[in-house]
Amino acid sequence: MTVFPSALTSSKGCKGCKSNIDLDLDFTFAFQPIVDVRYQSIFAHEALVRGVGGEGAMSVLGKVNDDNRYRFDQLCRTRAITTAAQLGMTENLSINFLPNAVYRPELCIRTTLEAARNNNFPLDRLIFETVESEYVDNNHHLTNILREYREFGFKTAIDDFGSGYSGLTLLADFQPDFIKLDLELVRNIHRDHSRQAIVRGIVIMCAELGVEVIAEGIEHSEERDFLTECGVYLMQGYWFAKPAFQAMALVAPDTWQ
C-alpha cells in the first residue's frame, strides 16, 4: 500500500505555493521508453513536454519565465502523473523537474502527492530527474531537494551527466538512484576511444556508489552493444523507440539484438 506523507495535508505554504499568477500556456506529453536490455523489457517512460498539437518542447519551454516557472513545474508533475495513469502505465514514470521552481521541497511537493493519490500511482514508481549542468552554483539547494524526494519514496536521477562542470561534485554530495549519460558521450561511442574510456570510468565509479547508469540517445546497434559490454543495461533512444505523442511507445522485437 502506498503511504502518502503528511506534507500533503499541510496548511502551510511557501512563496511559490501562494502564487496566483495564471499559466498562460497549454501543453501535453509524449512518452519515450527507457528499456532494460537484460530483460528485453521497458523499465520506465520519460514524460517529454509537447505542445497540444504535438509541437516540440521548445514551443512550450520558451514561454516559461520567472513569473510562471513554479506553476509550470507543478502542472508538469501533476499532468504527467494523470496522463500516465490514464494510459494505464504500469512501469516507472520519469518526470523532469525545475529545481529553481522549488522553494521548500516538503511543501512544494503537495500537489504531486495529491495527483499520485488521486490516480493511485505508487510513489516508488516516480522518478524525478534534473539536469546537472544547469545548477553549478547551487548544488546545496539541489541536493536538499533530492534528499527530500528520496524521503518521500521517489526515485531520483541526474540527467545529462557529463555535460557540465558540477557532475562529480554533485555526485559526491548526493548519490541518486540513476545518472543519465549525456548523449554527447554516447553518440558513436563504439568509434571513439576517449568516450569509451570516460564511460567505462563512470560505470565503475557508479557501481561503487550504488548508482545505476542510463544511456540516452542510443541510435545505433553498435552503441547499444558497446554499452552493454560496459555494464550499462538501461537505455533510451530512437534505436528502441521515438517518443509517442500522448501514448506509450512500443519497442520492436528486433531492437534488442
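Rules used throughout
Residues numbered from 1 in each chain as written. Predicted model: local features only at pLDDT ≥ 70, side-chain atom pairs only at ≥ 80, totals over all residues. Heavy atoms only, no water. Phe/Tyr/Trp six-rings, centres within 6.5 Å; stacked < 30°, edge-to-face > 60°. Helix = DSSP H or I, 4+ residues; strand = E, 2+ residues; numbered from the N terminus. Buried < 20%, exposed > 50% of the residue type's maximum accessible area, 1.4 Å probe, protein only. Lys NZ or Arg CZ within 6 Å of the ring centre and 35° of its normal. Axes fitted to C-alpha atoms, helices over the stretch in contact; angles between N-to-C directions. Parallel < 35°, antiparallel > 145°, perpendicular 65-115°, else oblique. Left-handed = near helix turned anticlockwise from the far one by under 90°. Contact = heavy atoms within 4.5 Å. Nonpolar A, V, L, I, M, F, W, Y, C, P; charged D, E, K, R; others polar. Pairing = 2+ DSSP bridges. Expected span 1.5 Å × (residues − 1). Lys, Arg positive; Asp, Glu negative; His and termini not counted. Salt bridge = Lys/Arg side-chain N within 4 Å of Asp/Glu carboxyl O.

Moving on to the packing of aromatic side chains. Going through the model one piece at a time under the given rule, you end up with 11 aromatic pairs. Between F43 and F178, the aromatic rings sit 5.6 Å apart at their centres with planes inclined by 70 degrees, giving edge-to-face as the arrangement. Of this pair, F43 sits in strand β2 (residues 41-50) while F178 sits in strand β6 (residues 178-181), and the two are 135 residues apart along the sequence. Looking at F178, the relative accessible area reads 4%, which means it is buried. One aromatic cluster in this structure is built from F97, F128, Y149, F152 and F154. Over the ring of F27 we find R79, and its NZ or CZ is 4.6 Å from the ring centre.

It is at 10 Å that the axes of helix α8 (residues 193-209) and helix α9 (residues 221-230) come closest, and there the two elements cross at 40 degrees. One element, α8, and the other, α9, form an angle in the oblique class. Once α8 is placed against α9, the crossing between them reads as right-handed. Residues Q196, V199, R200 and V203 of α8 form the contact with α9, whose participating residues are F226, L227 and C230. Here the residues of the contact of α8 with α9 sort into five nonpolar, one polar and one charged.

Most of strand β5 (residues 155-161) is tucked away, with five of its seven residues classed as buried. In the sheet, β5 pairs with β6 via three bridges, with the strands oriented parallel. Within β6, the position partnered with F161 by the bridge is L181.

As a further point, take helix α5 (residues 139-152). Taking 1.5 Å per residue, 14 residues should reach 20 Å; α5 reaches 20 Å between its end C-alpha atoms and fits that length. For α5, the complete set of buried residues consists of N139, H141, L142, T143, I145, L146, Y149 and F152. A positive backbone phi angle near 105 degrees is found at G153, which sits one or two residues after α5.

On to the side chain of R50. Topologically, R50 is positioned in strand β2. Despite being buried, R50 has no salt bridge partner; E55 is the closest side chain of opposite charge, sitting 8.6 Å away. Sequence-distant contacts of R50, that is, excluding residues within four places in its chain, are made with F27, T28, F29, A30, E55, G56, A57, V60, P243 and F245.

This next bit is on α9. Taken together, the buried positions of α9 are occupied by S221, E223, R224, F226, L227 and C230. Backbone geometry just downstream of α9 places G231 in the positive-phi region, at approximately 100 degrees.

One pass over the structure, following the stated rule, counts 12 salt bridges. E212 is the salt-bridge partner of R38, the closest N and O atoms lying 3.2 Å from each other. Here R38, found in the loop between β1 (28-36) and β2, pairs with E212, found in strand β7 (residues 212-216); they are 174 residues apart in sequence, far enough to count as distant. Here E46 makes a salt bridge to K180, at a shortest N to O gap of 2.9 Å. Highlighted residues: E46 in strand β2 and K180 in strand β6, separated in sequence by 134 residues. For the pair E46 and K180, a shared accessibility class is recorded, and that class is buried.

Where helix α2 (residues 69-86) meets helix α4 (residues 110-118), the closest approach of the two axes is 9 Å, and the angle between their N-to-C directions is 10 degrees. Accordingly, the angle class assigned to the pair α2 and α4 is roughly parallel. Contacts between α2 and α4 involve Q74, R77, T78 and I81 on the former and, on the latter, T111, T112, A115 and A116. Residues of the contact of α2 with α4, tallied by class, amount to three nonpolar, four polar and one charged.

The backbone of N188 shows a phi angle near 55 degrees, a positive value even though the residue is not glycine. Relative to the elements of secondary structure, N188 occurs in the loop between α7 (183-186) and α8. In this structure, Q246 is a non-glycine residue whose phi angle is positive, near 50 degrees. With respect to the secondary-structure elements, Q246 resides in the segment after β9 (244-245).

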